[in-house]
Structures are given as C-alpha cells and as structure tokens.
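One-letter residues, chain by chain:
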Amino acid sequence: MLSSLLTLATLPFLAFALPSSNGLDSSSAPILPRSLQVRPRWEDDTSPTVWARADVKSTEASKLDIHVRFEFEGYLDGTPTFVKIKALSGLYSNFTNGGTQPAVNSFAYHIHTNPLVNGSFASAFAHLDTLNLTEGYICNPAFPKYCQNGDLSGKHGNLNGTSNGKIPAFAYSDDFVRFFPEEFSLLGRSIILHGFNKTRLAGGDIISPYDGTADVHWNPTGKPSTYNPPSSLPTRAPVQPTPAIIWSNGTVADLNRTKLDSLPYPFPFPLLGISESLNVKLGSKENTKGIKLPTNEPSDEAPPFKGSQLGTWGWSW
Ligand SMILES: [Cu+2]
C-alpha cells in the first residue's frame, strides 16, 4: 500500500518531464488559465506529504475561550486531503454566547477566502469557493462535489458541543480541499467557526511552511502567503444568490443537463472542474471517510503529527 502511494506520488514529476504534456489526457481538454499552470513549489521535496495547520480561537474580549485546532495533510498525487480536528476548549452544548443568543448545540465551520486582518473575523470574507458554486445551492453531504470546497461542516457535519467544551480528535478525508494549484489552495486562507445565525465566534489563519506563513517550528511568521498573497485575494465577499435552493434531496444525484439548466442560478459544472486542472487528480472516491482518533493523542505537536501514518490511521486505500 505504501509503495503504491509513493509510486503515485511520482506521477506529477513524470508529467513535468514531458515538455509537450499539459498533464491532461484528453485532446478536448480545456485551455487552462495561466494561473492554474503552476507546479507545486515543493516539487523537489522528496516527501509526498504536505501539511498545514490552523488554531481557531475566540477573541480575548469575548471571554469565550474557544480553541479548535485544525491540521491538514495533503498529498502530491492529488489523493484526498486529510483534515484533523480537535476542540481543546469552548465548544459547549447549549451554547448561548454568554447569554446573548439563543442556544445552539453545534457549530458550523468553513475555510474562508482571506486570512484575518488585525484579528478581525469579518476580514476573512466568504467561504472558499474556487469553483464558484455560490451559496445558492444548499450543500448536500451526499454530493460534496456540489458543495463549496471551503464548506467543511456542510460536507462533514457541524462540530457538536459537549459538556466540557472539548471534542476528542477526529479526522476525515476530503477530495475537494486542496494544497494546489495555488488559487485552489487552502494555503493563505483562514477558518471561521460559527454560532447562532452564522455569528463568527472564532477564527484563525491556516499556516504552513510551504507558503511561508509558518516557520519550520510551526510558529506563524506573520508574512503573507506566497500562494495566495494579498494581491490575489478578494477585496470583498461576493453577493450570494437568494433564495437558496435545495437542488437534490435524494441519495442519487439528479444532475442531467436539463435539470442543471432549469436551476435558477448559473451552475459552473462542467466548466473547469478540479479534476481537469493541471496536476490535480481527484481521488478515486468522492465520498469521505471519518476516523476517530485516540483521545489521548497529543494536540500540540508539530506536523507530521502522530497518527498520520497510513497504517496507524487505518487507511483503506
Ligand atoms: Cu464560515
């Protein structure tokens, strides 16, 4: 299993070695925007694995004491990114935001497009949505392909509050969370955690040595991401279409062309899917796998974190 993974990981390099190849196997392949024709910056790295991290916290002023750690493990071969989550404090059931809001028992969370400016959660703007699916269609976890790629809780479920505010480490794989190409990348973004009526309760930047936002010890450098620097980031959140449409309630995707054309908002598929983008190959599975991690697992280690080894985590592919 491990050897086959390593073999797969060499494929991007082989593609680069062929000057006439654009990494696509179809003569009808779309012409890629120049910005997508990028090679992973760690192409000379011998490791097939890359990491990022985010410490998502409430502000001191809020006195909420929310701290959720996210860790991302990605692969050069385009297999799904692994997302590991642990709530260290503050995610209580019957959460009322200090008595100011109706109680909620679970928390939505997303990758947002922009890193925080001066700690402002509002400055994170909207969900990462590199294929422009918009929020016009309600994300259905059965069809993650048609969810905003940054809508992690839409695809995998909210974080359920607990009596002590902690959630043991757990993890899942996600086909649509990407380290590359750069404009699809989670690098240079942030994560926002929400309470009642989408209130922004906590946030934190996604940092990694791969884009210069973390040093080798995983301390934040304060530098802009080399992947998504301020000049490439949106300057405002996009206006979302309303009302929202639940386009599929069933367990089978109902997405023929007629159906798509009948939907009230422009639907970007199939324009330029992630699977058609250079260097990116979707995993063989579009569904996700969740894994419960040992509760005694340390949470403050620097990546590569323990338990990330294939055998230890019981990967089935
Ligand atoms: Cu959000």
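The numbers attached to residues start from 1 for each chain and follow its sequence in the written order. Confidence filtering applies because this is a predicted model: local features only for residues at pLDDT of at least 70, side-chain atom pairs given and counted only at 80 or more, and all residues used for totals across whole chains, interfaces and linings.

## Observations concerning the overall build of the protein
Then comes step 1: Broken down by element type, the protein carries five helices and nine strands.
Then comes step 2: Helix and strand definitions follow DSSP, with helices as H or I runs of at least four residues and strands as E runs of at least two, each counted in order from the N terminus. Beginning at the N terminus, the succession of helices and strands in the protein can be written as α-α-β-β-β-β-α-β-β-β-β-α-β-α.
Then comes step 3: Every one of the 317 residues in the protein was classed for burial, and the buried ones make up 34%.
Then comes step 4: A pair of residues counts as a contact when their C-beta atoms, built from backbone coordinates, are within 7 Å of each other. Within the protein, contacts between residues at least 6 apart in sequence are counted, and of these 66% link residues at least 24 apart. Our exposure labels follow a C-beta count within 10 Å of each residue's own C-beta, placed from the backbone: buried means 20 or more other C-beta atoms, exposed means 12 or fewer, and partly exposed covers the counts in between.

## Here we look at unusual backbone geometry
Then comes step 1: The phi dihedral of Phe 125 falls on the positive side, at around 55 degrees, and the residue is not glycine.
Then comes step 2: Of note, Phe 125 is situated in the loop between β4 (106-112) and α3 (152-156).
Then comes step 3: At Lys 198, a residue that is not glycine, the phi angle is positive and equals roughly 65 degrees.
Then comes step 4: Inspection of the secondary structure puts Lys 198 in the loop between β7 (190-194) and β8 (200-207).

## Quick notes on the nonpolar core
Then comes step 1: Counting residues in hydrophobic clusters, the biggest one holds 42 residues, and the most contacted among them are Val 68, Phe 70, Phe 72, Val 83, Leu 186, Ile 191 and Leu 193.
Then comes step 2: Breaking this core down by element, the ones donating at least two residues are β1 (49-57), β2 (67-75), β3 (81-89), β4, β7 and β8.
Then comes step 3: The greatest single-element share of this core, amounting to five residues, is contributed by β1.
Then comes step 4: Apart from the residues lying within four places of it in its own chain, the contact partners of Phe 72 are Trp 51, Ala 52, Thr 81, Phe 82, Val 83, Val 177 and Leu 186. By our criterion, buried Ala, Val, Leu, Ile, Met, Phe, Trp, Tyr and Cys residues that link up through C-beta atoms within 7 Å make up a nonpolar core.

## Some details on the confidence of the model for the protein
Then comes step 1: The share of residues in the protein with pLDDT of 70 or more is 61%, and the mean pLDDT across the chain is 72.
Then comes step 2: By definition, pLDDT measures how confident the predictor is in each residue, and it falls between 0 and 100. This stretch, residues 268-289, has a pLDDT under 50; its non-local contacts, to residues over four places away or in other chains, come to 53 contacts.
Then comes step 3: Scored below 50 in pLDDT, residues 294-301 shows nine contacts in the model against residues more than four places distant or in partner chains.

## Some thoughts on the pairing of β8
Then comes step 1: By the criterion of burial, β8 is predominantly enclosed, with seven of the eight residues buried.
Then comes step 2: Pairing between strands is defined by DSSP: at least two bridges between the two strands are required. Pairing analysis gives three bridges linking β1 to β8, with the strands arranged antiparallel. When the bridges of β8 are listed, Ala 54 appears paired with Ile 206.
Then comes step 3: Hairpin connection of β7 to β8: five residues between the antiparallel strands, including Asn 197 at a positive phi of 50 degrees.

## A few points about the pairing of β7
Then comes step 1: Taking burial as the measure, the five residues of β7 include five buried ones, the bulk of the element.
Then comes step 2: Of the two faces of β7, the one carrying Ser 190, Ile 192 and His 194 and the one carrying Ile 191 and Leu 193 are both buried.
Then comes step 3: Where β4 lies against β7, five bridges are found, and the strand directions are antiparallel. Paired with His 112 across the strands is Ser 190, a residue of β7.
Then comes step 4: Sheet analysis places β7 next to β8, joined by five bridges and oriented antiparallel. Residue pairing for β8: His 194 is matched across the bridge by Arg 200.

## Focus: the environment of Pro 181
Then comes step 1: Among the structural elements, Pro 181 can be located in the loop between β6 (167-174) and β7.
Then comes step 2: Separated by 46 residues in sequence, Pro 181 and Tyr 227 place their C-alpha atoms 8.8 Å apart.

## Considerations on the environment of Ile 85
Then comes step 1: Examined against the element boundaries, Ile 85 turns out to sit in strand β3.
Then comes step 2: With 22 C-beta atoms packed within 10 Å, Ile 85 lands in the buried category.
Then comes step 3: As for Ile 85 and Phe 72, which are separated by 13 residues in sequence, their C-alpha atoms are 8.9 Å apart.
Then comes step 4: With residues near it in sequence (within four places) discarded, Ile 85 still touches Val 68, Phe 70, Phe 170 and Ala 171.

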